[in-house]
Amino acid sequence: MSDIFVVIEHRLGELREISLQMLTKADELAQSMSAGVTAVLLAGAEDGFEDQIAARADRLIVCRHDRLKNYDSDWSTELLSRMLAEHRPFLTLIGHTPWGLDLAPALAVRTGWPLATDCLEIAVTDRRPEVIRQIYGGKMFARVHLLGTPGYLLTVRPGAFPAEQIQRGPAHVINLEVPADLAPSRREVLEYVDSSAGEVDITQAELLVSIGRGVGDEENILLVKELADLMGGTLSCSRPVVDKHWLPKAHQVGTSGKSVKPKVYLALGISGAFQHLAGITGAGLVIAVNKDEKAPIFRAADYGAAADLFEVVEALKEKLKG
Ligand SMILES: Cc1cc2nc3c(=O)[nH]c(=O)nc-3n(C[C@H](O)[C@H](O)[C@H](O)COP(=O)(O)OP(=O)(O)OC[C@H]3O[C@@H](n4cnc5c(N)ncnc54)[C@H](O)[C@@H]3O)c2cc1C
């Protein structure tokens, strides 16, 4: 019982980024405890995700059926609980996503194994997972030890870990048939309706120019937007900016917004509350501009300027224009 299972997630024929993030973390954990990584793929007959997964796992268990093209709650729960009972992995990672939020509690009930949700950090000490997760709506971080005998189930916050180009495989591929005794599913996905259609997707941006309350006024956002456009970046923000209806919710970074992983995160007039910082743990280079040199954002920043953000914005625009 030493394998780490990763439940692969996909939607509309595309592998979800969370799958690669979990495989990266699983690889790191597996190295620390001399374990193997098994990716579990439930997919449609024509879905071809193997190439992206095979290099990142030691084993790939694939079950294909047209019914599994879209997430099927009943079949996924049934198939995965049978696989977990048979293979008894030490640890199973599932995305903390709408898919995972449906699946993980059902698997915990079926297996009787402990489940910790929304994990931001995962370590294994003394053959037990120890995780950090947020509680009380993001006000506190809790360090949680999972007790009992293995296996353990965890859901992983999207963006909590990077998706790196790891090399474990090529995975040994095991193809499974859908068992003949599987009861018909009681639900069917008819179509996906994207609630954020047309909205900006800050989770995919490589450069985020992010504004906080320090921007002062809605009108000033235009000045920063000009800079973001000149830099080829995307505008994001802290929660007060959304609360004041200066930018739509889709732009918000943090515990009650999105976790982001840009190569560069330029924070302008953001104090650096932990609810905000939790959303940028996956960011590459963090650059902060704040007129208060004691602002906590500077502790999370690689580069900082204790300065008026508008002076910095104007200086950068001049430089880029000229
Ligand atoms: C349950 C819960 C969930 C939350 N979720 C989130 C979340 O997802 N995301 C989030 O961001 N927050 C979240 N918050 C709110 C969080 O606690 C902070 O209140 C918020 O992040 C502060 O935003 P801010 O840094 O923009 O504003 P402030 O804390 O008011 O900071 C503004 C900063 O701007 C600086 N400043 C002012 N003028 C200038 C200027 N001209 N030039 C340079 N700097 C200037 C100031 O020095 C100050 O540091 C949450 C809170 C709770 C309770």
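For every chain, the first residue of the written sequence is number 1, and numbering continues from 1 onward in sequence order. The model is predicted, so local features are restricted to residues of pLDDT at least 70 and side-chain atom pairs to those at 80 or more, both for listing and for counting; the totals for chains, interfaces and linings are taken over all residues. The basis for the side-chain values is all heavy atoms of the structure; hydrogens and waters are excluded.

Asks: Explanation requested: the nonpolar core in the structure shown.
Replies: One broad trend across soluble globular proteins is that nonpolar side chains are buried collectively. Within the largest apolar cluster, 39 residues are counted, with the highest numbers of intra-cluster contacts made by I53, L93, I122 and L154. Elements with a minimum of two residues in this core: β1 (4-7), α1 (17-33), β4 (37-43), α2 (50-54), β5 (59-64), β6 (91-95), β7 (115-125) and β10 (152-156). Numbering of helices and strands runs from the N terminus, with a helix taken as a DSSP run of H or I at least four residues long and a strand as a DSSP run of E at least two residues long. Ranked by the residues each element gives to this core, the list is headed by α1, at eight residues. Setting aside chain neighbours within four positions, we find I122 in contact with K25, L29, L93, E130, V131, L154, V156 and F161. To define a nonpolar core, start from buried Ala, Val, Leu, Ile, Met, Phe, Trp, Tyr and Cys residues and group those joined through side-chain atoms within 4.5 Å. We call a residue buried when its accessible area falls under 20% of the maximum for its residue type, exposed when it is over 50%, and partly exposed in between, using a 1.4 Å probe and counting protein chains only. Ranked by size, the runner-up nonpolar core spans 23 residues in total, among them L80, I94, L107 and W113. Contacts are assigned to residue pairs that have any heavy atoms within 4.5 Å of one another.

Asks: Just to check I follow, could you spell out the sheet that holds β6 for this structure?
Replies: Strand pairs in the sheet, formed through backbone hydrogen bonds, run parallel or antiparallel to each other. For two strands to pair, DSSP has to find at least two bridges joining them. Pairing is mixed in the open sheet, where nine strands are placed in the order β9-β8-β7-β10-β6-β1-β4-β5-β11. Strands at the two margins of the open sheet, each flanked by one partner only, are β9 (140-145) and β11 (172-176). Taken pair by pair, the neighbouring strands of this sheet meet at an average axis angle of 30 degrees, ignoring direction. Relative to β9, strand β8 (residues 128-135) runs antiparallel, the two being bridged by six bridges. Bridging from a neighbouring strand, R133 pairs with A142 of β9. Each axis is a line fitted through C-alpha atoms, and for a helix only the stretch in contact is used; angles between axes span 0 to 180 degrees, taken between their N-to-C directions.

Asks: Honestly, the site of the ligand in this entry has me stumped. Any pointers?
Replies: Here a residue counts as near a molecule or strand whenever at least one of its heavy atoms sits within 4 Å of it. The ligand sits among 26 residues. The nearest are R213, S238, S256, S271 and N290. Between D308 and the ligand, the recorded distance is 3.4 Å, taken from a side-chain N or O atom to a nitrogen atom. Areas reported here follow the Shrake-Rupley algorithm with a probe of radius 1.4 Å; residue values treat only the protein chains shown as occluding. For the ligand, whose unbound accessible area comes to 990 Å², protein coverage reaches 79%. Polar contacts, as counted here, are pairs of nitrogen or oxygen atoms within 3.5 Å of one another; within protein the pair requires one atom able to donate a hydrogen and one able to accept it, and residues that are adjacent in sequence qualify only if both atoms are side-chain atoms.

Asks: Would you mind going over helix α3 (residues 73-87) with me for this structure?
Replies: The length a helix should cover is 1.5 Å for every residue beyond the first. For α3, which comprises 15 residues, the first-to-last C-alpha distance of 21 Å matches the rise-based estimate of 21 Å (1.5 Å per residue) to within 8%. By the burial criterion, the buried members of α3 are S73, D74, W75, S76, T77, L79, L80, S81, M83 and L84. Capping of α3 at its N-terminal end is provided by D72; its side-chain oxygen lies 3.2 Å from the backbone amide nitrogen of D74. Just downstream of α3, R88 is the residue with a positive phi angle, here 45 degrees.

Asks: How do you make sense of the packing of aromatic side chains when you look at a structure like this?
Replies: What characterises a pair of aromatic rings is the spacing of the ring centres plus the angle enclosed by the ring planes. Each Phe, Tyr or Trp ring (for Trp, its six-membered ring) is paired with any other whose centre lies within 6.5 Å, and the angle between the two planes then decides the class: stacked below 30 degrees, edge-to-face above 60, tilted in between. For the coordinates displayed, the defined rule picks out three aromatic pairs. Where Y71 meets W99, the ring centres are 4.9 Å apart and the plane angle is 35 degrees; that geometry is what we call tilted. Note that Y71 is positioned in the loop between β5 and α3 and W99 in helix α4 (residues 98-111), a separation of 28 residues in sequence. Residue Y71 is classed as buried on the basis of its relative accessible area of 13%. Judged by its relative accessible area of 9%, W99 is buried. Each ring, one from F90 and one from Y152, has its centre 5.5 Å from the other, and the planes form 80 degrees; the classification is edge-to-face. On the criterion of sequence distance, the pair formed by F90 in the loop between α3 and β6 and Y152 in strand β10 is long-range, its members being 62 residues apart. With relative accessibility at 1%, the residue Y152 sits in the buried group.

Asks: Looking at this structure, I do not really get a nonpolar patch on the surface. What am I missing?
Replies: A cluster of nonpolar side chains, L12, V189 and Y192, forms an exposed patch at the surface whose accessible area comes to about 260 Å². Relative to the assigned elements, Y192 resides in the loop between β11 and β12 (207-211). Excluding any residue in a salt bridge, patches collect residues exceeding 30% relative accessible area, merging like charges within 9 Å and nonpolar Val, Leu, Ile, Met, Phe, Trp and Tyr side chains within 5 Å. Any carboxyl oxygen of Asp or Glu that lies within 4 Å of a side-chain nitrogen of Lys or Arg is treated as forming a salt bridge with it.

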